Amino acid sequence: PRFLSRGHSFRTVVGDTLLLPCQVQNLGSLVLLWRRGPAVLTAASLMVTRDERFRLVDGYNLQITDVGPQDAGDYVCQISDRISRDQVHTVEVLVPPSVRASPESRHAAARRGGAAVLECRASGNPVPSVTWHKMIDSYNTHLNESNLRLADGPQLQLSRLERAHSGRYACTVDNGVGPPVVTEFQLQVLYPPEITVERSWVHTGEGFRAELLCTVLADPPAEVSWYQNSFPLSASERVTMSARGNNHTLLIANVQPEDFGNYSCVADNSLGRARQHVEVSGRPGPARFTSPPVARRTDAYTLAFAVDSYPPLDELRLLYRQLAFNESYQQPGRWHDVVIPAPQPAGALTHRVAHELRGLQPGAVYEAIVQAKNRYGWNEVSDIFQFHTLGGEHTAHAGELTPMFSGQRKTSYNIYTVVSLTFLTLWSLVHTG
């Protein structure tokens with residue numbers, strides 16, 4: 001007798017049906033056996049194994065249905081003579097990946113500054129690979145990727161946690177057998193409240209409205225309350241409190257004199273408290289300069305600015321001085337104090353003012369600040385504004401005032417600075433007179 005078939009290596013997937021060929025010529029009265037290790041599976045046409053998944057097909061071909069991982073190994077088709085003639089088939093069973101996740105709930109929580117460990121223990125044949133990603137919400141698709149790859153391996157270790165670490169994480173387990181297995185986790189980073197206010201100074205007037213907005217971020221979510229001058233506020237016919245997502249709004253309708261003052265947005269959760277202050281005032285808003293930084297003349301310049309004020313303006317004060325520059329330093333001149341007549345009531349919130357400064361030096365750089373007053377008092381002094389007159393040996397252009405000399409430079413002045421500057425100006429006038 002001789003074998004017509006040959007031994008092969010078979011790769012099959014769990015659950016499939018496998019056929020192992022064994023075709024013999026001139027078997028005669030000899031018996032054909034199927035063995036797996038020391039165990040005999042069949043003898044001639046007799047099924048020795050009690051596993052009903054095994055059967056002989058078309059003679060002596062061995063069929064295995066619903067293949068499982070335990071079926072991997074060597075199968076021997078043997079002729080029962082005294083001459084060792086065997087045909088060997090090697091079976092490798094491919095197993096799709098499976099995952100054992102930790103924590104099993106797929107939810108982890110840790111405080112800000114702490115650490116978190118997410119784990120995906122994978123099994124399968126071949127050995128699966130494990131890849132970790134941070135899931136990106138759909139509204140962030142402008143990042144041109146659906147998620148952010150973080151690491152490879154069974155564990156994802158995150159340390160020094162920050163608020164931005166909160167979100168969904170996923171491990172992807174893949175070994176090329178069947179579809180990859182994706183397991184998602186939710187990581188919650190716990191932190192005390194953080195508050196930002198839209199405006200720390202809200203301008204309004206009697207009979208108008210005031211809207212205060214604070215944005216509160218906290219996990220666990222915070223309870224938000226509003227205070228006026230350290231006293232808790234409650235809703236009334238004129239006072240409305242609302243929340244939309246992280247944004248909390250305090251709306252005051254038909255503002256009365258007693259509504260002016262200091263307000264605070266306070267947020268509490270189990271990890272701490274945060275507070276931010278907002279001033280509601282009828283005083284004018286800070287002046288906004290609207291004139292170009294380069295003058296049209298050599299000895300004069302029209303300074304234009306706008307001031308928001310619900311009541312009419314009562315008084316305007318302008319301080320300006322010349323700057324002398326060389327290669328290593330700038331030397332300012334003395335301040336000139338100018339009282340500008342208040343503009344006629346315009347019936348609008350924004351008051352626009354233009355004032356011409358004369359007797360200026362050609363080709364010189366000047367800086368100016370403005371303060372305005374209405375019946376509620378003086379506003380904060382404006383940011384510094386710089387401009388340049390034409391002429392001189394080196395005439396500057398608008399581009400040259402940026403960023404070194406431009407009005408974009410933010411210099412903070414308060415009313416005490418203005419008082420000091422005014423005093424110095426008066427002192428200078430007395431001693432030079």
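Residues numbered from 1 in each chain as written. Predicted model: local features only at pLDDT ≥ 70, side-chain atom pairs only at ≥ 80, totals over all residues. Heavy atoms only, no water.

**Student:** Looking at this structure, I do not really get the pairing of strand E8 (residues 54–57). What am I missing?
**Tutor:** Sheet faces and side chains relate simply in a regular strand, where the side chains alternate between the two faces. Bridge count for E8 against strand E9 (residues 61–64) is four bridges, and the pairing is antiparallel. Bridge pairing in E9 places Phe54 opposite Ile64. Hairpin connection, E8 to E9: the antiparallel pair is bridged by three residues, and Asp58 has positive phi, about 50 degrees. (Pairing = 2+ DSSP bridges. Helix = DSSP H or I, 4+ residues; strand = E, 2+ residues; numbered from the N terminus.)

**Student:** Is there a simple way to think about the side chain of Ser382 in this case?
**Tutor:** By secondary structure assignment, the location of Ser382 is in the loop between strand E34 (377–378) and strand E35 (385–388). Among the polar contacts listed, one links the side chain of Ser382 to the backbone nitrogen of Val370, at a separation of 2.9 Å. (Polar contact = N/O pair within 3.5 Å; in protein donor to acceptor, adjacent residues only side chain to side chain.)

**Student:** What is the right way to look at the sheet that holds E9 in this model?
**Tutor:** Spatial strand order, E3-E9-E8: three strands in an open sheet with antiparallel pairing. Only two strands of the sheet have a single neighbouring strand rather than two, namely strand E3 (18–20) and E8. Taking each pair of neighbouring strands and ignoring which way they run, the sheet shows an average axis angle of 30 degrees. Two strands pair when backbone bridges link them, and E3 and E9 are joined in this way by three bridges, in the antiparallel orientation. Its bridge partner being in E9, Leu20 is matched across the sheet by Leu62. (Axes fitted to C-alpha atoms, helices over the stretch in contact; angles between N-to-C directions.)

**Student:** It is not clear to me how the state of the cysteines should be interpreted in this structure. Could you clarify?
**Tutor:** Two cysteines whose sulfur atoms are joined by a covalent bond form what is called a disulfide. What the rule picks out here adds up to three disulfides. Across a sulfur-sulfur distance of 1.7 Å, Cys22 and Cys77 are joined as a disulfide pair. Sign of the S-S torsion, about -65 degrees for the bond between Cys22 and Cys77, identifies this disulfide as left-handed. Remark: Cys77 occurs in strand E10 (residues 73–79) and Cys22 occurs in the loop between E3 and strand E4 (24–25); sequence separation between them is 55 residues. Here Cys22 matches Cys77 in class, with each residue buried. Sulfur-sulfur distance for the disulfide between Cys214 and Cys265 comes to 2.1 Å. Since a negative S-S torsion denotes a left-handed disulfide, the Cys214-Cys265 link at about 40 degrees is right-handed. Within this pair, whereas Cys214 is found in strand E20 (residues 210–219), its partner Cys265 is found in strand E25 (residues 261–269), the two being separated by 51 residues in sequence. Accessibility classification places Cys214 together with Cys265 in one group, the buried group. (Disulfide = S-S within 2.5 Å. Buried < 20%, exposed > 50% of the residue type's maximum accessible area, 1.4 Å probe, protein only.)

**Student:** It is not clear to me how the layout of surface pockets should be interpreted in this structure. Could you clarify?
**Tutor:** Empty space left among the atoms is revealed by rolling a probe the size of a water molecule over them. Within this model, the largest pocket holds a volume of roughly 540 Å³. What lines the largest pocket is a set of 26 residues, among which Trp201, Gly285, Pro286, Ala287 and Arg288 lie closest to the centre. Contributing elements (two or more residues each) for the lining of the largest pocket: strand E19 (201–203), E20 and strand E27 (288–289). Here the element with the most residues in the lining of the largest pocket is E19; it accounts for three residues. Split by domain, the lining of the largest pocket shows at least three residues from each of two domains, domain 3 (198–281) and domain 4 (286–388). (1 Å grid on protein atoms, 1.4 Å probe; cavity = no way out; pocket = protein on both sides within 12 Å on 5 of 7 lines; lining within 4 Å. Points joined across faces, edges and corners; volume = space filled by probe spheres on them. Domains from an automatic or database assignment.)

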